[in-house]
Each structure stands twice: as C-alpha cells, then as structure tokens.
Amino acid sequence: MEIFHYTFDWSVLWRSPYGGMLVKGIVTTLHLSLLAWVVALTLGMVVGVARVQPLRWVRFAGGAYVQVFRNTPFLVQLFFWYFAAPLLLPKQDQQWLYDNVPDYAYWAGVLALGAYTASRVAEQVRAGLLSIPPDQYRAAYASGMTGFQVYRYVIAPFALRIMLPPLTTEFLTCFKNSALAMTIGVMEVTHTAYYIDSFTWHGLETTSAASAVYLCIALCIIGLMALTEKRVRIVGMMGRGR
Amino acid sequence: MIDIAEVSLWYDRAHKALDRVSETIRRGQTVVICGPSGSGKSSLLRCINGLEAFQEGTIRVDGVSVRDPRTDIHRLRAEIGMVFQHFELYPHMTVMQNITLAPMRVRKKARAEAEQKAMALLERVGIPEKAARYPEELSGGQKQRVAIARALAMEPKIMLFDEPTSALDPEMIKEVLDVMTGLAQEGMTMVVVTHEMGFARTVADRIVFMSEGRVVETGTGRDFFERPQHERTRQFLDRILL
Ligand SMILES: Nc1ncnc2c1ncn2[C@@H]1O[C@H](COP(=O)(O)OP(=O)(O)O)[C@@H](O)[C@H]1O
Ligand SMILES: [Mg+2]
C-alpha cells in the first residue's frame, strides 16, 4: 500500500529486534505508571487527609504541597527530579547514586510522576472528605473510636466509593503522562516508537501502535473501574437510575 | 453526673459560641435544652463528650474532667451515647454492622456477643426485621431508632440527643419520642436538645433555655412553661407553642 509516497511496513512492529523493543517499552510503561500510581495514591491520601485536619500547620503543609506540585509544569518537575534533585544530595550520596542506580532516569520518572499525580489525588481526597457531613465524623468519634479507626472503618470506605470515578480519571492521566518520561531517556513505549523510527523511518506504524496500546490499556482500566464501582455500590445509594 | 462549670467556647477569635455556661445534670435526670437556632445548643452538647475543645471552664463527667490531657477521651466517649439530627448511620454498613462496629472495635467484644446484644436492642426499638438492611432502605424514623440502638449498644451511662426529631416527618416523630421516653423512665441520664415541647413538659426534669451562647433561664417543666422569668424565653415560647 502506498499513499503520499509512503510505503507502509507494519512488520517493524514484530520484526526482530524491534518487536522485542516494543514489548519491553509497553512493559516499562505499565510498571512505571503503576509504581507512580502507588506513590501517588499513598502520598495523595496522606496529603488529602492533612488538608482537612483541625491543626492549622498540618493543613498548611498539605496545602503547600498541593499548590507547588499542581501549579508547576509536569515537564519541569520531571527535569527537576532527574537533573536537579541529585545535586541536592551530599557528594558521597551523589556518587553512590551514579554508581549503583544505573536506571536512575526510571526512578526519577516514578518519583516525578508519583509526586505530581499525588497533588491531584490529594485534591480529590480532600473533596471526598469534605463531602461527608461533619456530624458523620462526630458520630464515629462519639462512639469512642480512635482517629485511625474512624477513618479506617467509617470515613475511608465511604469516601473511597465517592472518589472512585475521579480517581479513575487521575489514574488514566497518570498513565498517559508516563509518556513524558521519554524526555529524560526512559525507554517506555512512546520513546521506543520514536527510537525504532530513527532506524527504520517507520514512525507512522510505531506511533500508531503506541497509540493503540495506550487506548487499549485505558479502555481496560475504565472497564475494570466500572466493574469495581458496581461491586462496591452501596444498597439504596449512588448510581441511582443507572 | 455531668458538671458543667463556666464553659466558654470560641470557634474563632471573634466568635464566641458559648459564654460561661454552667449546668449540673444529676444521675438519672433528663434535661431538655431549647433555644433559637445558633444559640449554641449543639456546641454545648459536643463539649460534654469532648468533640469541641472549649477554651475556658471545666466539664466533669462522673468526676472525670473532659479537657484534662490525662483523661482517656476515647474511653470517656464510649460511655456517652450521641444521637444526631440527621441520624448519621454509616451508609456502607448494614443496620447490624452499624450497631456492632463500636462494641467490637472499641469494647473488643466478640462478634456473636455483639450481634446478640444488637438484636435485643433492635427488638427494643421495634425493628428487628431490619437487621440486614442498609440505612438508605429505611424510613427516617427507622433510621433514628437504629441510631439510638447503635448508641445504646455501648451501654452508655449518658445519652446526648441533638434535635433527634427535627428531620422527621410528623408521623414518625412519635415512634422516636416513645423510645426516648422509655429510656428516661428506666433512669438513663439524658441531655436532649429538642423543640418537642410535649416531650419537654412530660419527660424532662429540667428545661434549659439558651440564647446567644448563654443559659438564659432554667426551670422545671411546669415553671418553665407557666412562669417564664425572662422576656426572651416568653418570646421564644410564644413562637414555638402556637
Ligand atoms: N464547627 C463550627 N465552626 C465554626 N462555627 C460554628 C461551628 N459550629 C457552630 N458554629 C457557630 O456557633 C454558633 C452556635 O452554633 P450551634 O451550637 O450549632 O447552635 P444551635 O445548635 O443552637 O443551632 C453558631 O453561630 C454557629 O454558626
Ligand atoms: Mg444545633
């Protein structure tokens, strides 16, 4: 097939060594974004909970985190973690990092994507917590439960259900943002597509394939989350009229 | 049983929600608190179980000072049941789970024992058949009766009610008041914020009238309704006893 004098050669997608590279890229994209999501979820919960605490300085710390990470470009943050952050370490630690962590770019990517997504997750967590009436917290505390128990048994199970749809969106964003890790040299699927192009001049096929991969995975995630939502739906509440 | 001495509470520097409130509630007494909206009734109730950190004065419950840092506040709260205007049942739990949560997590009761007690309480409030239901499947009156059963499951020494019938349709008010009247007759110590003047007249040992964070007047049922001492009280009664 030929259009605009371009000859398609889809075999770059499976031909050795490119096929293997693509598979490796896909796998890297997957665990990079999954790891970043674990960081984002953990950190985001802590920061989000901090933002609704009665203690002023705790609230302030949470707010500061969100403002800094949400209001600077993700690309700049990525560069910060990769190029600048190691320079802040003491000399011997820097050396240790360069000697022992050859794939530092990957870990910088996880950290950057995790920290950035955490600020967005925190806002969703905060909104979810604020949507629970104050008397619901009071009812739980009044029964003698500790703060941890109140969140563990009463607030979190309910708030997480409210947060499921917005968190799905954040997860998808996290997943798609992982493509930017190519700018610091991480060989995830987008970078791989681009890399194969530089040898074969068949970037059209490889980037199409990369797009298809993102789309498929995203659709899988959406399906999975819809299933989860259905499973944890509270009787008589939420999803009414669906 | 409850000794409130010169308690003042500020929510922020400018806004004084309680102004040197003093009141003593003896074991087995039922005290009704009434007053216009925003007069500090809920705030006072929350001070009694330490949900509100009042800045001045002391409250002793059974001789234990609520604000004393050495007091185990969780243990104290476990002895004080609280019922709210909007029920505040935990929406993701069945009626049974709502009632057994605190006995199991705070009192460390075995499930079987907690469930047995819960069933007995549901019998008592007249809805044993709803044990496996979720809160959103119940009527308002049923929800409030579950909330009372949930508080009683901790075998409290004191019960606090914050406008327990204000969110109910008229035909459901009686079923809730009947449960409360029964409790009072059995000798439960109760503090009830309510505008149900019929309940106040027949059940309360004393009625406290609050306005703008202060106790304006307190009296026995008869005195309060027939010989109100203050102009404020008279105006309030005129409005409420149409
Ligand atoms: N959590 C809170 N934060 C700030 N102000 C509050 C809070 N709760 C109550 N207030 C204020 O304190 C005053 C007393 O409120 P409240 O105790 O709820 O009165 P009542 O129960 O008699 O209607 C009101 O002016 C109210 O706006
Ligand atoms: Mg109130």
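Asker: Is there a simple way to think about the layout of surface pockets in this case?
Answerer: To find leftover empty space, a probe the size of one water molecule is rolled over the atoms. Each pocket or cavity is described by its volume, and for the largest pocket that value is around 1200 Å³. If you go around the largest pocket, you meet 28 residues; those closest to its centre are A:Gln53, A:Pro54, B:Leu51, B:Glu52 and B:Ala53. For the lining of the largest pocket, the secondary-structure elements that each account for two or more residues are helix H2 (56–70), helix H5 (104–130) and helix H6 (134–142) of chain A together with strand S1 (2–12) and helix H2 (73–78) of chain B. Looking at the lining of the largest pocket element by element, the count peaks at 4 residues for H6(A).

Asker: In this structure, what is going on with the site of ligand 1? I would like to understand it.
Answerer: With respect to spatial proximity, 13 residues lie near ligand 1, and among them B:Gly38, B:Gly40, B:Lys41, B:Ser42 and B:Ser43 are the closest. Proximal residues around ligand 1 fall on chains A and B, making this an inter-chain site. Between B:Gly38 and ligand 1, the recorded distance is 2.7 Å, taken from a backbone N or O atom to an oxygen atom. Side-chain polar atom of B:Lys41 to an oxygen atom of ligand 1: 2.8 Å apart, as the coordinates give it. Of all the elements in the fold, those that place two or more residues in the shell around ligand 1 are strand S2 (15–25) and helix H1 (41–48) of chain B. For the shell around ligand 1, the element with the most residues is H1(B), which contributes 4 residues. Taken together, the residues of the shell around ligand 1 sort by class into 3 nonpolar, 7 polar and 3 charged.

Asker: I tried to follow the sheet that holds S2(B) on my own but got confused; where do I start?
Answerer: Hydrogen bonding along the main chain pairs the strands of a sheet, whether they run parallel or antiparallel. Residue and element names in this part refer to chain B. Pairing in this open sheet of 4 strands is antiparallel, and the strands run S2-S1-S4-S5 from one edge to the other. The sheet is open, and its two borders are formed by S2 and strand S5 (64–65), each paired with just one other strand. Bridge count between strand S4 (residues 56–61) and S5: 2 bridges; the pairing is antiparallel. Its bridge partner being in S5, arginine 60 is matched across the sheet by serine 65. Across the sheet, H1 lies against S1, S2 and S4, angled at about 120° from S1, the strand it touches most.

Criteria and cut-off values
- Residues numbered from 1 in each chain as written.
- Chains lettered and ligands numbered in written order.
- Predicted model: local features only at pLDDT ≥ 70, side-chain atom pairs only at ≥ 80, totals over all residues.
- Heavy atoms only, no water.
- 1 Å grid on protein atoms, 1.4 Å probe; cavity = no way out; pocket = protein on both sides within 12 Å on 5 of 7 lines; lining within 4 Å.
- Points joined across faces, edges and corners; volume = space filled by probe spheres on them.
- Helix = DSSP H or I, 4+ residues; strand = E, 2+ residues; numbered from the N terminus.
- Near = heavy atom within 4 Å.
- Polar contact = N/O pair within 3.5 Å; in protein donor to acceptor, adjacent residues only side chain to side chain.
- Nonpolar A, V, L, I, M, F, W, Y, C, P; charged D, E, K, R; others polar.
- Pairing = 2+ DSSP bridges.
- Contact = heavy atoms within 4.5 Å.
- Axes fitted to C-alpha atoms, helices over the stretch in contact; angles between N-to-C directions.

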